[in-house]
Amino acid sequence: MSTKEETNKPGVEHRDPQYFGYYAMLQHQQNMLQDNVRTSTYRSAILLNGPKCFQNKTVMDVGAGSGILSYFAVQAGAAQVYAVEASAMAKKMKKLIEDENTNTFLKGKIQVINAKIEEPNLPIPQVDTIISEPIGVLLFHERMASGLFSNERSREEKRRRMLFLPGTIYLAPFTDATLWSETMAKARFWEQTSFYGINLTSLYKDAREEMFGMPVVGHFDNRNLIATPTLLDSYPVDFSTVTLKELQDMTMPFNWVAGYTGLMHGVAGWFDLTFAPPPYDSSSSSSNDHTNVSNTTVEMSTSPAAERTHWQQVRFLFREPLAVNATQSIRGWMRAIVNDMRSYTIYVEVVVGDNAELSDPATIDLATFGRETTDEHPLRRRGRWELHEQTYNYSFTPGMVVDHKPEYSCLYQPESRIDAAVVSQQQQAEILDFSTLNNVMDNYDNFVN
């Protein structure tokens, strides 16, 4: 990509009033604060790395929001924290800090700066440690990370001083006939030929494209996955090395092996985070830097099998499901390109089988991609979604079906796996019976003696 092309990438300035207005509201900050997984993980990462990264250090909190990470930094021993927040939440943060009767441990420790980090000449000296949470749905929604690396000084400082998180994106094929049918039912409203005497059918195709073009955000049952991705299938995003250019256009290839026979209704996505301290080199360390204190890494997952978070998971529904057989390969890619809505446009292509032809994501026609029918390529599915045009689905309740079987989700195991599972259960039952017998004999001996 040329420098000119990179310069012409869409900006987000026109979205700022709406975006920062959203994060200036206490109810949205409360939603994040009440995410116990998110808040407690950040606190653990900061406090456990306190002696190395925070004690008697100067800290910058980028996109501070409610200020919770700044408060944790003070708890970890920070000498001074510069909390940079562009929204009106900065005023509420100052009110909390400056209240005479509460939070006395914060007094004189935090300087709130109501500005965007991209602005030049901010009154912030070189700091020892940088903290931030530039994370959205599927890791990169809202493009907060792009702002984090927007100027040369901040890029260099962040790479060397950030208590930050390598992120890992996972994609997986899923089945969910109920979700697909509900989405299709919304589109079928526009099939009516006489809605109060009006024929709506000319808009049916547009409605179908719109409904299926909306990413579905919400938690879902991990037992609906046709294949479980491994670390080899993941897409790492290391915020200590990633460039602004790389964040503008990302391609994530995948190659799964179907664990079940069934219908693939789309691609699901989530991410894991690793909170790790910055790579201090030995030449910059001194006896005052607590060099004998080891770094502590803290991990967090937003997968459907993990404890729930406010990021949830996201699913991209195909307009037409794709039939797959157990042990078949499912290959493809997801390409994410920045748009002018503080988010990304998502392009996905999936093929079934080793012989099906897969397109080169770098050469696709972005204007027409995903609009063709499947008649010519029955083993291929394509789709395009705007990540910011999200819809929500909260129908999954954990624990409702405890003794879940794959066929309950219309997923069918190969007979060999079913037989192996039966044998394993029999062996486990024998072990339990033998253990029970031993306990009886032990008790009998004790009773006789």
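Residues numbered from 1 in each chain as written. Predicted model: local features only at pLDDT ≥ 70, side-chain atom pairs only at ≥ 80, totals over all residues. Heavy atoms only, no water.

Colleague: Now, about a negative patch on the surface: what can you tell me, with residues and values included?
Modeller: The grouping of Asp 206, Glu 209, Glu 210 and Glu 389 at the surface amounts to a negative patch. With respect to the element layout, Glu 209 can be found in helix H11 (residues 204-212). Assessed through its relative accessible area of 32%, Glu 209 is described here as partly exposed. (Patch = residues over 30% accessible without salt bridge, like charges linked within 9 Å, V, L, I, M, F, W, Y side chains within 5 Å. Areas by Shrake-Rupley, 256 points an atom, 1.4 Å probe, with all protein chains shown as cover. Salt bridge = Lys/Arg side-chain N within 4 Å of Asp/Glu carboxyl O. Lys, Arg positive; Asp, Glu negative; His and termini not counted. Charge placed at Lys NZ, Arg CZ, Asp CG, Glu CD. Helix = DSSP H or I, 4+ residues; strand = E, 2+ residues; numbered from the N terminus. Buried < 20%, exposed > 50% of the residue type's maximum accessible area, 1.4 Å probe, protein only.)

Colleague: Can you tell me about the packing of aromatic side chains, naming the residues and giving the values?
Modeller: For the coordinates displayed, the defined rule picks out 14 aromatic pairs. Ring centres 5.3 Å apart and planes at 65° place the aromatic pair Phe 316 and Trp 385 in the edge-to-face group. On the criterion of sequence distance, the pair formed by Phe 316 in strand S11 (residues 313-324) and Trp 385 in strand S14 (residues 380-386) is long-range, its members being 69 residues apart. We note that Phe 316, like Trp 385, is buried. Aromatic pair Trp 333 and Phe 369: ring centres 5.6 Å apart, planes at 35°, arrangement tilted. Of this pair, Trp 333 sits in strand S12 (residues 329-338) while Phe 369 sits in the loop between strand S13 (344-352) and S14, and the two are 36 residues apart along the sequence. The same class applies to Trp 333 and to Phe 369, which are both buried. Grouped by ring-pair contacts, the aromatic residues Phe 189, Trp 190, Phe 195 and Tyr 196 constitute a single cluster. Directly above the aromatic system of Phe 174 lies the positively charged group of Arg 315, at a separation of 5.4 Å from the ring centroid. (Phe/Tyr/Trp six-rings, centres within 6.5 Å; stacked < 30°, edge-to-face > 60°. Lys NZ or Arg CZ within 6 Å of the ring centre and 35° of its normal.)

Colleague: Please set out the sheet that holds strand S2 (residues 80-84) residue by residue, giving values where relevant.
Modeller: Across the sheet, four strands lie side by side as S3-S2-S1-S4; this open sheet has parallel pairing. Looking along the sheet, the strands with just one partner apiece sit at the ends: strand S3 (110-113) and strand S4 (129-132). Strand-to-strand twist across the sheet, computed as the mean angle between neighbouring axes with direction ignored, equals 20°. Looking at chain direction, strand S1 (residues 58-62) and S4 are connected through four bridges and run parallel. Bridge pairing in S4 places Val 59 opposite Thr 129. (Pairing = 2+ DSSP bridges. Axes fitted to C-alpha atoms, helices over the stretch in contact; angles between N-to-C directions.)

Colleague: A description of the pattern of salt bridges should follow, citing residues and the corresponding values.
Modeller: Going through the model one piece at a time under the given rule, you end up with 11 salt bridges. The partner of Arg 381 in a salt bridge is Glu 320, with the nearest N and O atoms 3.4 Å apart. Linking Arg 381 in strand S14 with Glu 320 in strand S11, this pair joins segments that are 61 residues apart in sequence. For Arg 381, a relative accessible area of 6% puts it in the buried group. Where Glu 386 meets Arg 384, a salt bridge forms, and the shortest distance between an N and an O atom there is 3.6 Å. Looking at Arg 384, the relative accessible area reads 31%, which means it is partly exposed. Several salt bridges converge on common partners, so that one network encompasses Glu 349, Glu 372, Arg 380 and Arg 382.

Colleague: Could you give an account of the pairing of strand S5 (residues 166-174), naming the residues involved and the relevant values?
Modeller: Burial within S5 is extensive, with eight of its nine residues counted as buried. Where S5 and strand S7 (residues 235-238) come together, four bridges link them in antiparallel fashion. Within S7, the position partnered with Pro 166 by the bridge is Asp 238. In this sheet, strand S9 (residues 262-275) lies alongside S5 in antiparallel orientation, the contact comprising eight bridges. Its bridge partner lying in S9, Pro 173 is registered against Val 267.

Colleague: Report on the packing of helix H10 (residues 177-188) against H11, specifying residues and quantitative values.
Modeller: Direction vectors running N to C along H10 and H11 enclose 145°, while the axes themselves pass 8 Å from each other. Judged by the twist between their axes, the crossing of H10 over H11 is right-handed. Residue-level inspection shows Trp 180, Thr 183, Met 184, Lys 186, Ala 187 and Arg 188 of H10 in contact with H11, the latter providing Tyr 204, Ala 207, Arg 208, Met 211 and Phe 212. Of the residues contributing to the contact of H10 with H11, the split by class is seven nonpolar, one polar and three charged. (Left-handed = near helix turned anticlockwise from the far one by under 90°. Contact = heavy atoms within 4.5 Å. Nonpolar A, V, L, I, M, F, W, Y, C, P; charged D, E, K, R; others polar.)

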